[in-house]
Structures are given as C-alpha cells and as structure tokens.
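Descriptive analysis of the structure
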Amino acid sequence: MRSIVFPALALLFASFNHAQAATETLSPGKTLSRIALLKDGTHHYLRYFKSGDSNVPVDIWSREVQITEQNGEKRIRIRQRWDGAAIPPSAPVSTQATQANTTAATKLLDSWAQFPSFTPISHERITDKDGKHLVEGFTFSADKITGMKDLADNSQKDFVMPSAVATYNFETDIEFLQTLPLAAGYEARVNFYHPGSTSAPAYYSFKVAGEESIAGPAGNVDCWLVTTDYNRPGTVTKFWFAKQSQIMLRQEATMPDGRTLVKTLID
C-alpha cells in the first residue's frame, strides 16, 4: 500500500511545487537566471502600424547592449536610438505607441544597470523634436527615482518619485525579459517604472502563453510567445522571443483605434 500511496503523494506534491514555482515575483537585487544570454551587440527593429493590408512605417529603433565596466564594477549599458517620421513622446511603455505623432524626431536613450542583477543605476533621455532639444536624466535608488543633479541642461533636476520597493527600468524591458527563465507555464511579476512618469512604479505580469514558429531575418525561428496586458484588463500585447537566444523577434500590440503596432527585428 505504501509503495503505491507514497509515490502518488510525492508526484502530487511535485506537481504542486512546479505549479507554484511557475510564477516568479521579481524586484532588483537577485541574479537573473539567464543573464548569460545578454551579450554585446546591436539590434534594429522596424516599427509600423498594420491595418488590414496597410502597413505604415513609424520609425527604426536600435538597441545596443554593452557588458562593460563603470567605476571599476561590471555593468550593463543599453543605448537606444529612435529615428523616423513619427516617434512617441516620453510616456510609460504601455502607452507610448498610442501617442505617436507625425513630426520627425530623434530620441537617444542611455541606461546603466548592475551586472548580473539588472538593478538600474541611471537613465538619460535626449529628444530633438520641433526644433527643441530636451535633456532628461534620472538616478535609481532602492526607495526612489530622482533627477540627476550633475547632468548639464537636465530638465528633470528636481524630479522625485518615491518607490515602496526597488524597481527595474521599464525602458530596458526587452533585454530584461531576455534574461528570464522562459518556459511553458512560466509567469513573471516585474516591478517596472518608466523614468519621468507621474505614475508610480507598479508590478506587471508577463506570461509564457505558448510556443510558435515565426519568420525571422534568417528563416523560421522557434519562439516563446509571451503576453501581458500592461495592467489594462481586456488588452493584450504579444512578444515572440527566440527559444535559443531569447532575443525578441517581434512584438504586437492592438491600439484603441483597432490598428496593430508591430515591432519586428530586421537584422
């Protein structure tokens, strides 16, 4: 009897523990399990609106990753550049795409974080639009995000956003998600904050919803399909991460007007 019941109970408890472990709550401080997948290099994405047979380009978005040193310590540096005829203004990641305008602009982002925890250190953003040059800079600490006092022309010198717990930088979400242990049934609750936003840091859920093979720059690629609602129930944004490298190949989000905003890797 014991040889039958005990293994069955063990299997039940193992299944329960696996289900419990499938959801992970993340906040800065711990080493991310697949940080080794984050490597030096630059990726370019085309952003465009899709509506029926219509595809309207928005901009080209480049993201450069450097594993480097700062003040004698190993760091993650992520630099981004947005070039195009329509670029979103500074806004939370979950709403950027809904506020795109038609004025040509360039936006440069420079983010630093600790390695291997991805704990954010600083974030700078420079926007050139309509003849205006806007400089914004922020420093992250365990209990708040503040404006960088020593950054020349920083329009956010006096900025302060309290944070109940330490938060990750929302502007580095694509690379951050790349370092998670994506697998069937996995879900992460991540405390994110978009530097400069008037909305406080909040937890967002990202769930592996399935597996799909999609076209990549060099042929079909097996991917993890990850979804989130960005805390807006009834909406869904989809990400496709290549299983081998966990690099994001594609992202799709449905806009309030019914169009789909697509970000697709082009290199």
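See the structure shown above.
Residue indices follow the written sequence of each chain, beginning from 1 at its first position. Totals for whole chains, interfaces and linings use every residue, but because this is a predicted model, local features are given only for residues with pLDDT of at least 70 and side-chain atom pairs only at 80 or more, for both listing and counting. Side-chain metrics in this entry use all non-hydrogen atoms of the structure; hydrogen atoms and water are not considered.

Let's talk about the overall build of the protein
- Put simply, DSSP H or I for four residues or longer makes a helix, DSSP E for two residues or longer makes a strand, and each gets a number counted from the N terminus. Scanning the protein for helices and strands turns up 2 helices and 16 strands.
- For the exposure calls, accessible area comes from a 1.4 Å probe over protein chains only, and a residue counts as buried if that area is under 20% of its type's maximum, exposed if over 50%, partly exposed in between. Per-residue burial for the protein yields a buried fraction of 45% across its 267 residues.
- Within the protein, counting contacts between residues at least 6 apart in sequence, those at least 24 apart form 47% of the total.
- Carbon and sulfur atoms provide 54% of the accessible area of the protein, an area that totals close to 13200 Å². For this analysis, residues touch if any pair of their heavy atoms sits within 4.5 Å. Per-residue and other accessible areas were derived by the Shrake-Rupley procedure at a 1.4 Å probe size, with only the shown protein chains allowed to occlude residues.

Describing the pattern of salt bridges
- Criterion for a salt bridge: a side-chain nitrogen of Lys or Arg within 4 Å of a carboxyl oxygen of Asp or Glu. Going through the model one piece at a time under the given rule, you end up with 15 salt bridges.
- For lysine 149, the salt bridge identified is with aspartate 158, shortest N-O distance 3.5 Å.
- What emerges from the salt-bridge pattern is a single network uniting Arg125, Glu136 and Glu171.

Describing unusual backbone geometry
- For the bond running from phenylalanine 115 to proline 116, omega is 10°, close enough to zero to count as cis.
- Tracing the backbone shows proline 116 in the loop between strand E5 (105-114) and strand E6 (120-129).
- Positioned with a positive phi, asparagine 71 is a non-glycine residue whose angle comes to about 55°.
- With respect to the helices and strands, asparagine 71 occurs in the loop between strand E3 (54-70) and strand E4 (73-84).
- Although it is not a glycine, tyrosine 230 sits at a positive phi angle of roughly 50°.
- Secondary-structure assignment places tyrosine 230 in the loop between strand E13 (219-228) and strand E14 (237-242).
- The exposure class assigned to tyrosine 230 is buried, which follows from its relative accessible area of 4%.

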